[in-house]
Amino acid sequence: MKGTFPIEKFRELRTPFYYYDTQVLRDTLACIRTEAAKYDNYSVHYAVKANANPKVLSIIRESGLGADCVSGGEIRAAIKAGFPAGKMVFAGVGKADWEIELGLDYGIFCFNVESIPELEIINELAAAKGKVANVAFRINPNVGAHTHANITTGLAENKFGISMEDMDKVIDIALTLKNVRFIGLHFHIGSQILDMGDFVVLCNRVNELQDKLEARHIRIEHINVGGGLGIDYGHPNRQAIPDFKSYFETYDNCLKLRSYQTLHFELGRAVVGQCGSLISKVLYVKQGTNKQFAILDAGMTDLIRPALYQAFHKIENITSEAPVQAYDVVGPICESSDVFGKAIDLNGVKRGDLIALRSAGAYGEIMASGYNCRELPQGYTSDELV
Ligand SMILES: *Cc1c(COP(=O)(O)O)cnc(C)c1O
């Protein structure tokens, strides 16, 4: 089954471009809202790094989610899209002074702190402004998610967060500093996680840490478990909306949340992944020795995930019903890794056909580069193309 697209409108646009189906996005957001609302104290933030297209951001903001930012630029993009600073969290191992100051000036909800030196600098910069910054500590729970090695973040060997052994020390330091207020713990174990068992392991770890803190009479109001819920790249039509029900249920069942605590989530991929496709035109069909190539005008500069993480994207020829043949689908960039898929079954391809690379709403447009002096792809929503 192929996706449905406004082909005639597409013909008028310069390729390659990103296309966002706002119905899918709105249905996804509605599902998140319904499922999270079953629990009194769940607060969901959107991880801006997955897609910061202003039109996409504005639809997400309308749904009432908060924003999870990892740079000053993302804070600016989120503010511009109308996200309230009071619902904004800021993570990242290397926050520059100006980025911290920006967060302080806007009065964001919380800095997710990843090291002692960072904590001291936030305290110093907040003092200079006569402010007190809310801080949560990102704890590295040493949990290995069953996902690609380049997108696990919760192992001791990863650069992220503060080790569990150092947690007590960091909290003690924070309690002595006058311009930071310690309000919570933060975790994020990786991305494209489909095995709920990984989140169960995280919950168990959080429960242990909470018991330790309670024994020390330390009260924390906020637990942030990050994001990471995966999407079904194989079946973008059949499973357009991720299983948020099981996701939130897993936390409800396994995490021992205290009655006074709020549980925060930071979802990126699961929010925007399925609503986006990269639309590209076939430049040439080239016969190789034992295979044929469909050469697209889109390349790894437009969608880097296959080259970077051997990621799979479903590929469809949306302008052909000709009998299926196998093609290696490649881009025009001067890199051997500029391949979207090998031996892919497509309806017979000819020059000028439009090819959709599905499930490209997350970590697609935002990761585009100008390598080879290429222009960045545009992004259009279905609202604009009616
Ligand atoms: C990337 C990131 C997220 C979002 O991850 P997804 O897998 O897209 O849900 C959440 N929190 C932090 C700190 C991140 O770096």
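Refer to the structure printed above.
Predicted, not measured: the structure shown is a model, and the values here were computed from it.

Caption draft 1: Just the overall build of the chain, in detail. In terms of regular secondary structure, the chain is built from eleven helices and 17 strands. In terms of its C-alpha atoms, the chain occupies a principal-axis envelope of roughly 70 × 40 × 40 Å. Classification of the 386 residues of the chain by burial places 57% in the buried group. Once local pairs closer than 6 in sequence are excluded, the contacts in the chain between residues at least 24 apart make up 72%.

Caption draft 2: Geometry of helix α3 (residues 54–62). Among the residues making up α3, those that are buried are V56, L57, I59 and I60. Within α3, the buried residues cover an arc of 165 degrees as seen down the axis, which keeps them to one side. The exposed set on the far side of α3, more than 90 degrees from its buried face, consists of P54 and E62. Residues of α3 that are buried make contact with β1 (17–20), α2 (22–36), β2 (42–47), α4 (72–80) and α10 (269–272). Between the side-chain oxygen at the start of α3 and the backbone nitrogen of K55 there is a gap of 2.9 Å, and the oxygen is on N53. Two residues or fewer after α3 comes G64, characterised by a positive phi angle close to 95 degrees.

Caption draft 3: Quick peek at the packing of α2 against α3. α3 packs onto α2 with a crossing angle of 30 degrees between their chain directions and a minimal axis gap of 10 Å. One element, α2, and the other, α3, form an angle in the roughly parallel class. Both α2 and α3 take part in a crossing whose hand is right-handed. In this structure, α2 uses T22, L25, R26 and L29 to contact α3, whose residues at the interface are V56, I59, I60 and E62. Residue classes in the contact of α2 with α3 are distributed as five nonpolar, one polar and two charged.

Caption draft 4: The site of the ligand, seen in detail. The ligand sits among 15 residues. The nearest are K49, S191, E266, R269 and Y363. Between K49 and the ligand, the recorded distance is 2.7 Å, taken from a side-chain N or O atom to an oxygen atom. Within the side chain of D68, an N or O atom sits 3.2 Å from a nitrogen atom of the ligand. About the coverage of the ligand: the protein hides 94% of its 390 Å² of free accessible area.

Caption draft 5: Fine view of unusual backbone geometry. The residue after T15, namely P16, is reached through a cis peptide bond having omega -5 degrees. Relative to the helices and strands, P16 is located in the loop between α1 (7–11) and β1. Notably, Y363 is not glycine yet its phi reads approximately 55 degrees, a positive angle. With respect to the helices and strands, Y363 occurs in the loop between β16 (354–357) and β17 (378–381). Look at Y363 and you get buried, because its relative accessible area is 10%.

Caption draft 6: Geometry of the nonpolar core. Residues I60, F111, F137, F248 and Y251 are the most contacted members of the largest nonpolar core, which totals 98 residues. Among the elements that take part in this core, helix α8 (residues 196–215) stands out by supplying seven residues, more than any other. The residues contacting F137, other than those within four sequence positions of it, are V113, L119, I162, V170, I171, A174, F182, G184, L185 and H186. Counting residues in hydrophobic clusters, the runner-up holds twelve residues, among them F5, Y19, I279 and Y380.

Caption draft 7: Seen up close, the pattern of salt bridges. Here the structure, examined in full by the defined rule, presents 19 salt bridges. Between R14 and E375 there is a salt bridge whose closest N-O contact spans 3.7 Å. With R14 in the loop between α1 and β1 and E375 in the loop between β16 and β17, this residue pair connects regions lying 361 residues apart in the sequence. Among the ionic pairs, D328 bridges to K291, the shortest N-O distance being 2.6 Å. Residue D328 is found in strand β14 (residues 324–330), and its partner K291 is found in the loop between β11 (276–287) and β12 (292–296); the two are separated by 37 residues along the sequence.

Caption draft 8: Local environment of the pairing of strand β8 (residues 180–186). Extensive coverage of β8 is indicated by the burial of six of its seven residues. Alignment of strand β6 (residues 133–140) against β8, held across six bridges, turns out to be parallel. If you follow N134 over to β8, its bridge partner there is R181. As paired strands, β8 and strand β9 (residues 222–224) are joined by three bridges and run parallel to one another. In the sheet register, L185 faces β9, and the bridge partner there is I223. Between the parallel pair β8 and β9, the chain is carried across by α8, and the sense of this crossover is right-handed.

What counts, and where the lines are drawn
Just so you know, the residues in each chain are numbered from 1, in the order the chain's sequence is written. Local features are withheld for residues below a pLDDT of 70 in this predicted model, meaning they are given only at 70 or higher, and side-chain atom pairs are given and counted only at 80 or more; totals for whole chains, interfaces and linings count all residues. The side-chain figures draw on all heavy atoms in the structure; neither hydrogens nor water molecules are used. Numbering of helices and strands runs from the N terminus; a helix is a DSSP stretch of H or I covering at least four residues, while a strand is a stretch of E covering at least two. Residue burial is assigned from relative accessible area. The probe radius is 1.4 Å, only protein chains are included, and a residue is buried under 20% of its type maximum, exposed over 50%, and partly exposed in between. Residues are treated as being in contact if the distance between any of their heavy atoms lies within 4.5 Å. Here the arc refers to the set of directions running from the helix axis out to each C-beta atom. Polar contacts here mean pairs of N or O atoms no more than 3.5 Å apart (in protein, one a potential hydrogen donor and the other a potential acceptor; neighbouring residues in sequence count only if both atoms are side-chain atoms). Here, axes are lines fitted to C-alpha atoms. For helices the fit covers the stretch in contact, and angles between N-to-C directions go from 0 to 180 degrees. Any angle that falls under 35 degrees is termed roughly parallel, while one over 145 is termed roughly antiparallel, one within 65 to 115 roughly perpendicular, and all others oblique. Take the far helix as your reference; a near helix turned counterclockwise from it by less than a right angle gives a left-handed crossing, and one turned clockwise gives a right-handed crossing. When residues are grouped by polarity, Ala, Val, Leu, Ile, Met, Phe, Trp, Tyr, Cys and Pro land in nonpolar, Asp, Glu, Lys and Arg in charged, and all others, Gly among them, in polar. To be near a molecule or strand, a residue needs just one of its heavy atoms within 4 Å of it. Each accessible area is a Shrake-Rupley result for a 1.4 Å probe, and residues are judged covered by the shown protein chains and nothing else. Here, the term nonpolar core denotes a set of buried Ala, Val, Leu, Ile, Met, Phe, Trp, Tyr and Cys residues that are joined through side-chain atoms within 4.5 Å. Basic side-chain nitrogens of Lys or Arg form a salt bridge, by our definition, when they fall within 4 Å of a carboxyl oxygen of Asp or Glu. Paired strands, in this sense, are two strands between which DSSP finds at least two bridges. Here a crossover is taken to be right-handed if, once the strands point away from the viewer, the path from the first strand over the helix to the second is traced clockwise.

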